[in-house]
Amino acid sequence: MNKAVRKAIIAGNWKMNKTRPEAKALLEELVPMVKDIKNVEIVACVPFTNLETALSVTEGTNIKIGAENCHFEKSGAFTGEISADMLAEMGVEYVVLGHSERRQYFAETDETVNKRTKAALAANLKPIVCVGELLWERECNITNEVIARQIKLDFFGIEADDLKKCVIAYEPVWAIGTGKTATAEQAQEVCAFIRGELAKLYGADVAETITIQYGGSMNAGNAAELVSKTDVDGGLIGGASLKAADFTAIINAAEIG
Ligand code: PGA
């Protein structure tokens with residue numbers, strides 16, 4: 001019920017986009033556009049190859065940098081993988097985990113999301129853990145079951161103090177990159193359901209403090225209505241985070257609340 005106790009977070013998820021010069025140009029354009037934002041935490045989650053550039057362009061600004069994944073082991077024979085410690089050492093603050101594209105194309109499971117979340121927390125990163133139902137699951141009326149299961153499994157064994165460092169992104173899979181946004185009512189309904197599940201697991205006081213974002217075709221036109229909802233505390237933005245003006249418009253909408 002108390003949106004004011006939570007931090008609104010607008011995070012861009014660049015996915016597999018932008019070379020280093022392109023990343024530099026986008027962030028240099030964004031920095032002055034959002035410099036006066038006070039009430040919203042702004043995060044850019046960028047490909048690994050752009051992290052150093054992004055950290056340097058945003059140093060001393062109000063933009064935080066995140067990665068798009070991390071491995072669950074601390075180090076070792078995992079060719080092509082990046083550990084949470086490697087990210088933390090660079091100055092990265094956030095990491096997106098369990099994105100539906102990772103679940104769909106890279107065999108990510110709730111078990112590996114859980115392990116990655118624990119590894120990220122151990123390295124002092126703030127995980128942005130993505131959950132969401134497939135269209136088929138929504139049509140079969142099992143959205144709540146799917147979400148409840150993901151919340152239970154993804155956060156299994158994570159204590160309340162650590163949960164408070166996590167952000168949850170509700171991203172209905174059918175809305176990602178499709179131009180089909182969930183209605184503000186649908187987003188509110190599931191975000192409130194997630195908070196209810198967290199309350200069962202951790203108590204209402206803890207649940208009230210957790211930032212729950214909506215993600216899926218969020219843009220300059222629909223952001224204001226989505227973030228005005230009681231349990232929608234910001235957004236995880238894909239396509240619209242790749243243009244400074246669009247991303248800024250979403251951030252401005254969240255600043256007003
Ligand atoms: P979209 O992606 O905004 O392009 O739909 C959101 C996401 O995948 O995080």
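None of these values were measured; they are calculated from a predicted model.

Moving on, we get to the overall build of the protein. Counting its regular elements, the protein contains twelve helices and eight strands. What you see for the protein is a C-alpha radius of gyration of 17 Å, in line with the 18 Å of a compact globule of 257 residues. Seen along its three principal axes, the alpha-carbon backbone of the protein occupies a region of about 45 × 45 × 35 Å. When burial is assessed residue by residue, the protein has 53% of its 257 residues classed as buried. Look at the contacts in the protein between residues 6 or more apart in sequence, and 73% of them connect residues 24 or more apart.

On to the site of the ligand. Taken together, 13 residues lie around the ligand, and Lys15, His99, Glu171, Gly177 and Ser217 are the ones closest in. Between an oxygen atom of the ligand and a side-chain N or O atom of glutamate 171, the distance comes to 2.7 Å. Here the residues of the shell around the ligand are counted per class, giving four nonpolar, seven polar and two charged.

Attention now goes to the pairing of strand β4 (residues 94–97). In summary, the side chains of a regular strand alternate between the two faces of the sheet. Of the two faces of β4, the one lined by Tyr94 and Val96 and the one lined by Val95 and Leu97 are each fully buried. With two bridges joining them, strand β3 (residues 63–67) and β4 adopt parallel strand pairing. Across the sheet, the residue bridging to alanine 67 is valine 95, located in β4. Read from β3 through helix α3 (residues 84–90) to β4, the crossover connection turns out right-handed. Pairing of β4 with strand β5 (residues 126–131) involves four bridges; the strand directions are parallel. Following the sheet pairing, valine 95 is matched in β5 by proline 127.

What follows is about helix α2 (residues 51–58). Of all eight residues in α2, six are buried; the element is thus mostly enclosed. What α2 keeps buried is the set Leu51, Thr53, Ala54, Leu55, Val57 and Thr58. Backbone geometry just downstream of α2 places glycine 60 in the positive-phi region, at approximately 75°.

So, how was this worked out
Residues numbered from 1 in each chain as written. Predicted model: local features only at pLDDT ≥ 70, side-chain atom pairs only at ≥ 80, totals over all residues. Heavy atoms only, no water. Helix = DSSP H or I, 4+ residues; strand = E, 2+ residues; numbered from the N terminus. Rg over C-alpha atoms; globule rule 2.2 N^0.38 Å. Buried < 20%, exposed > 50% of the residue type's maximum accessible area, 1.4 Å probe, protein only. Contact = heavy atoms within 4.5 Å. Near = heavy atom within 4 Å. Polar contact = N/O pair within 3.5 Å; in protein donor to acceptor, adjacent residues only side chain to side chain. Nonpolar A, V, L, I, M, F, W, Y, C, P; charged D, E, K, R; others polar. Pairing = 2+ DSSP bridges. Right-handed = clockwise from strand over helix to strand, strands pointing away.

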